[in-house]
Amino acid sequence: MGKIRIRTGRGTGTIEVDDDPKKWSGDEFRKIQEARKKAAANRMVHTGRGTGSRKLGDMPDPKSRPSTEGMTRITGRGTGSRKSKNKGSS
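Residues numbered from 1 in each chain as written. Predicted model: local features only at pLDDT ≥ 70, side-chain atom pairs only at ≥ 80, totals over all residues. Heavy atoms only, no water.

K.L.:
It is not clear to me how the overall build of the chain should be interpreted in this structure. Could you clarify?
P.N.:
Broken down by element type, the chain carries one helix and six strands. The order of helices and strands in the chain, counted from the N terminus, is β-β-α-β-β-β-β. In terms of overall dimensions, the chain is more spread out than a globule: its C-alpha atoms have a radius of gyration of 18 Å, far above the 12 Å expected for 90 residues. Principal-axis analysis of the C-alpha atoms gives the chain an extent of 50 × 30 × 30 Å. A fraction of 9% describes how many contacts in the chain between residues 6 or more apart in sequence connect residues 24 or more apart. Split by element, the accessible area of the chain, about 7,900 Å² in all, is 50% carbon and sulfur. Averaged over its 23 positive side-chain charges, the chain has a centre that lies 7 Å from the centre of its 10 negative ones. (Helix = DSSP H or I, 4+ residues; strand = E, 2+ residues; numbered from the N terminus. Rg over C-alpha atoms; globule rule 2.2 N^0.38 Å. Contact = heavy atoms within 4.5 Å. Areas by Shrake-Rupley, 256 points an atom, 1.4 Å probe, with all protein chains shown as cover. Lys, Arg positive; Asp, Glu negative; His and termini not counted. Charge placed at Lys NZ, Arg CZ, Asp CG, Glu CD.)

K.L.:
I would appreciate a short explanation of the pairing of strand β2 (residues 13–18) in the present structure.
P.N.:
Each regular strand carries side chains that alternate between the two faces of the sheet. Relative to β2, strand β1 (residues 3–8) runs antiparallel, the two being bridged by six bridges. When the sheet's bridge partners are listed, Lys 3 is paired in β2 with Asp 18. The antiparallel pairing of β1 with β2 creates a hairpin that spans four residues between the two strands, and Gly 9 there sits at a positive phi of about 55 degrees. (Pairing = 2+ DSSP bridges.)

K.L.:
Before we go on, may I ask you to explain the pattern of salt bridges in this structure?
P.N.:
Note on pairing: side chains with opposite charge can pair once their charged atoms come close. Under the defined criterion, the tally for this structure stands at four salt bridges. One salt bridge in this structure joins Asp 18 and Lys 3, with 3.3 Å as the shortest N-O distance. Within this pair, whereas Asp 18 is found in strand β2, its partner Lys 3 is found in strand β1, the two being separated by 15 residues in sequence. The salt bridge involving Lys 87 is made with Glu 69; its shortest N-O contact spans 2.8 Å. Here Glu 69 lies in the loop between β4 (52–55) and β5 (72–75) and Lys 87 lies in the segment after β6 (80–83), a separation of 18 residues in the sequence. (Salt bridge = Lys/Arg side-chain N within 4 Å of Asp/Glu carboxyl O.)

K.L.:
Hey, could you run me through the environment of Ile 74 in this one?
P.N.:
Relative to the helices and strands, Ile 74 resides in strand β5. Overall, the relative accessible area of 57% leaves Ile 74 in the exposed class. Each C-alpha atom of the pair Ile 74 and Asp 20 lies 31 Å from the other, and the pair is 54 residues apart in sequence. Ile 74 has contacts with Gly 80 and Ser 81, leaving out every residue within four places of it along the chain. (Buried < 20%, exposed > 50% of the residue type's maximum accessible area, 1.4 Å probe, protein only.)

Now the structure itself:
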């Protein structure tokens, strides 16, 4: 376990947190989130500004992130570009 720096306060500050998937995002966090959803599948959640409700188990599963590897990514206020290295999620 190491430390990682994350942005806070509209991007103006940084804090260091443990490299723990429970405090971060990505594929590991997605697995944790899926396990939490299965554990609470019978709970009701409110949707649409509180006007509707449905069981948490009836919500659709999130789609995997598509790969953008090799596509051009614009950088530096639109003045530069580079090839993307994003392989997506599995």
